Amino acid sequence: MRAALHPEAFVRVRVPAYLERSLHQVLSSVHAPFFTLRESGALVVTLQETEWMRVAGRFSSSAVEPGLRLISIDEAPPDPAFVNRLAAAGVPAAAFLAFYRDHLVVPAEHAQRSLDAVQQLLDRP
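Residues numbered from 1 in each chain as written. Predicted model: local features only at pLDDT ≥ 70, side-chain atom pairs only at ≥ 80, totals over all residues. Heavy atoms only, no water.

Quick word on the overall build of the protein
Piece 1. Helix and strand content of the protein: four helices and seven strands.
Piece 2. The secondary structure elements of the protein, listed N-terminal to C-terminal, are β-β-α-β-β-α-β-α-β-β-α.
Piece 3. The C-alpha atoms of the protein give a radius of gyration of 15 Å, which matches the 14 Å a tight globule of 125 residues would have.
Piece 4. For the protein, the spread of C-alpha atoms along the three principal axes comes to 45 × 25 × 25 Å.
Piece 5. Partitioning the intrachain contacts of the protein with sequence separation of at least 6 by distance along the chain shows that 73% fall at a separation of at least 24.
Piece 6. Only carbon and sulfur atoms are counted for the fraction: they give 55% of the accessible area of the protein, which is about 7,100 Å².
Piece 7. Positive and negative charge centroids in the protein, built from 12 and 13 side chains respectively, lie 5 Å apart. (Helix = DSSP H or I, 4+ residues; strand = E, 2+ residues; numbered from the N terminus. Rg over C-alpha atoms; globule rule 2.2 N^0.38 Å. Contact = heavy atoms within 4.5 Å. Areas by Shrake-Rupley, 256 points an atom, 1.4 Å probe, with all protein chains shown as cover. Lys, Arg positive; Asp, Glu negative; His and termini not counted. Charge placed at Lys NZ, Arg CZ, Asp CG, Glu CD.)

Observations concerning the pattern of salt bridges
Piece 1. Using the criterion set out here, one finds five salt bridges in the structure.
Piece 2. With a closest N to O distance of 2.8 Å, Arg38 and Glu20 form a salt bridge. Residue Arg38 is found in strand E3 (residues 34–39), and its partner Glu20 is found in helix H1 (residues 20–27); the two are separated by 18 residues along the sequence.
Piece 3. Relative accessible area serves as the criterion here: at 59%, Arg38 is assigned to the exposed category. (Salt bridge = Lys/Arg side-chain N within 4 Å of Asp/Glu carboxyl O. Buried < 20%, exposed > 50% of the residue type's maximum accessible area, 1.4 Å probe, protein only.)

A closer look at the pairing of strand E4 (residues 42–48)
Successive side chains on a regular strand alternate, one facing one side of the sheet and the next facing the other.
Piece 1. Taking burial as the measure, the seven residues of E4 include seven buried ones, the bulk of the element.
Piece 2. One ladder, built from seven bridges, connects strand E2 (residues 10–16) with E4; its direction is antiparallel. Following the sheet pairing, Val15 is matched in E4 by Leu43.
Piece 3. Here E3 pairs with E4 via six bridges, running antiparallel. Pairing of Phe35 across the sheet is with Thr46, part of E4.
Piece 4. Hairpin connection between E3 and E4: a loop of two residues separates the two successive antiparallel strands, and Gly41 in this loop has a positive phi of roughly 75°. (Pairing = 2+ DSSP bridges.)

Things to note about H1
Piece 1. Listing the buried residues of H1 in full gives Leu23, Val26 and Leu27. Taken around the axis of H1, the buried residues stretch over an arc of 95°, which confines them to a single face. Across from the buried face of H1, at angles greater than 90 degrees, the exposed residues are Arg21 and Gln25.
Piece 2. Those residues of H1 hidden inside the fold are in contact with E2, E3, E4 and helix H2 (49–55). (Arc of directions from axis to C-beta.)

This is the structure:
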């Protein structure tokens, strides 16, 4: 299978920048996939909900967006416009593109539809 939906729930958390050092310490013990982005005044981390629940008490001033799922694509598509094609297919995804494996974070209510759309796009020549 080239695309897989992870069974775990994910969250996106906006952590104030002044907690960056503490966040990096916490993330060093996270064993599941996670992603961080730097925004103005904050770090945004996307990780498994269970991992976040272990440490959430240390970051009470953070804004949490629950109800997300992760789709991993094992073989990165050769088409650089793949993410644009997903958006055109109605897949509401945030993309984390990497060298060997790409990931999409989607709202849980759209997870199966998104996975089906990803698979269709991957199966197209």
